[in-house]
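# Working through the structure, step by step
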Amino acid sequence: MQKPDSLIFDMDGTLWDAVDTYAASWNLVFEELGIDIVVEREQLGKMVGMEGKKVVGLIMPDFDDEKRQMIYNLVNEKRKAILPQRGGALYDGVKEGLQQLNEKYDLFILSNCAKGIIRLFIDWAGIDEHIKDELAHGVNFMPKSHNIKLLSDMHGLKKPVYIGDTEGDGQQSRLAGIPFVFVSYGFGQTADYDLKFDNFKSLTEYFMSL
């Protein structure tokens with residue numbers, strides 16, 4: 001691979017695992033509303049990386065779109081309230097790796113999450129000084145391919161790569177016309193990638209060596 005000028009990271013399954021906190025935000029809202037639905041970690045883990053509209057359809061198949069959206073808005077507000085305290089689990093080597101990588105590359109985070117969640121993650125993880133910018137699906141409700149191009153245009157990126165953990169991440173990278181780097185320790189599987197890493201330390205070492 002040619003040396004990129006920037007690295008764009010997916011968040012969930014790539015930098016951290018916050019599925020337990022995400023599930024809690026759903027379950028707390030369902031409990032408050034008296035709705036007999038319980039979201040399990042295993043169930044939600046399979047949805048990591050999906051756009052919100054698809055997630056709410058899978059979790060609440062019997063509700064109409066208006067009710068789904070109303071509940072999803074409450075879930076996102078609950079998530080923002082509990083995430084700073086509950087947080088998640090950073091994958092091994094992420095914090096140190098981002099610090100090193102920022103010495104050579106501009107670093108970005110682009111995720112299919114709600115608006116505001118990436119910022120809460122950045123603050124919780126203490127990585128603000130290493131991240132140049134971030135963009136969430138909830139800002140404009142556009143697919144990752146569109147937002148990769150948008151981020152590239154905003155910052156004049158010439159040779160970015162996208163780093164993620166799902167087949168969908170790879171597909172969106174292809175649509176955006178940039179290389180895809182797959183991390184196998186996350187939530188998804190794919191055979192379509194330009195590079196694959198089994199841990200964040202080896203990813204860091206590779207890009208620092210270019």
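Anything mentioned here points back to the structure above.
These figures come from a predicted structure and were not determined experimentally.

## Regarding unusual backbone geometry
- One non-glycine residue, Phe141, lies in the positive phi region at around 60 degrees.
- Note that Phe141 resides in the loop between α7 (137-140) and α8 (144-155).

## Observations regarding helix α9 (residues 167-176)
- Buried within α9 we find Asp169, Gly170, Gln172, Ser173 and Ala176. The buried residues of α9 occupy an angular sector of 165 degrees when projected down its axis, which confines them to one face.
- On its buried face, α9 is in contact with α8, β6 (160-164) and β7 (180-183).
- Immediately beyond the C-terminal end of α9, within one or two residues, lies Gly177, with a positive phi of roughly 80 degrees.

## Concerning the nonpolar core
- By size, the foremost hydrophobic cluster in this structure holds 53 residues, and its most contacted members are Phe9, Trp26, Leu203 and Phe207.
- The contacts of Phe207, once residues within four sequence positions are left out, are Met1, Pro4, Leu7, Leu101, Lys104, Tyr105, Val161, Val181, Leu195 and Phe197.
- Counting 12 residues, the second-largest nonpolar core is a separate cluster that includes Leu135, Ile148, Leu157 and Ala176.

Cut-offs applied
Sequence order sets the numbering: in each chain, residues are counted from 1 along the sequence as written. Residue-level local features of this predicted model are given only where pLDDT is at least 70; pairs of side-chain atoms are given and counted only at 80 or more, and the full residue set underlies all totals for whole chains, interfaces and linings. The side-chain numbers reported here are obtained from all heavy atoms of the structure, hydrogens and water having been left aside. Put simply, DSSP marks the helices as runs of H or I at least four residues long and the strands as runs of E at least two long, and each gets a number from the N terminus on. Per-residue accessibility, obtained with a 1.4 Å probe over protein chains only, is compared with the maximum for each type, and a residue is labelled buried under 20%, exposed over 50%, and partly exposed between these values. It is the directions from the helix axis to the C-beta atoms that the arc portrays. Here a residue-residue contact requires only that any non-hydrogen atoms of the pair lie within 4.5 Å. Only buried Ala, Val, Leu, Ile, Met, Phe, Trp, Tyr and Cys residues count toward a nonpolar core, and they belong to the same one when joined by side-chain atoms within 4.5 Å.

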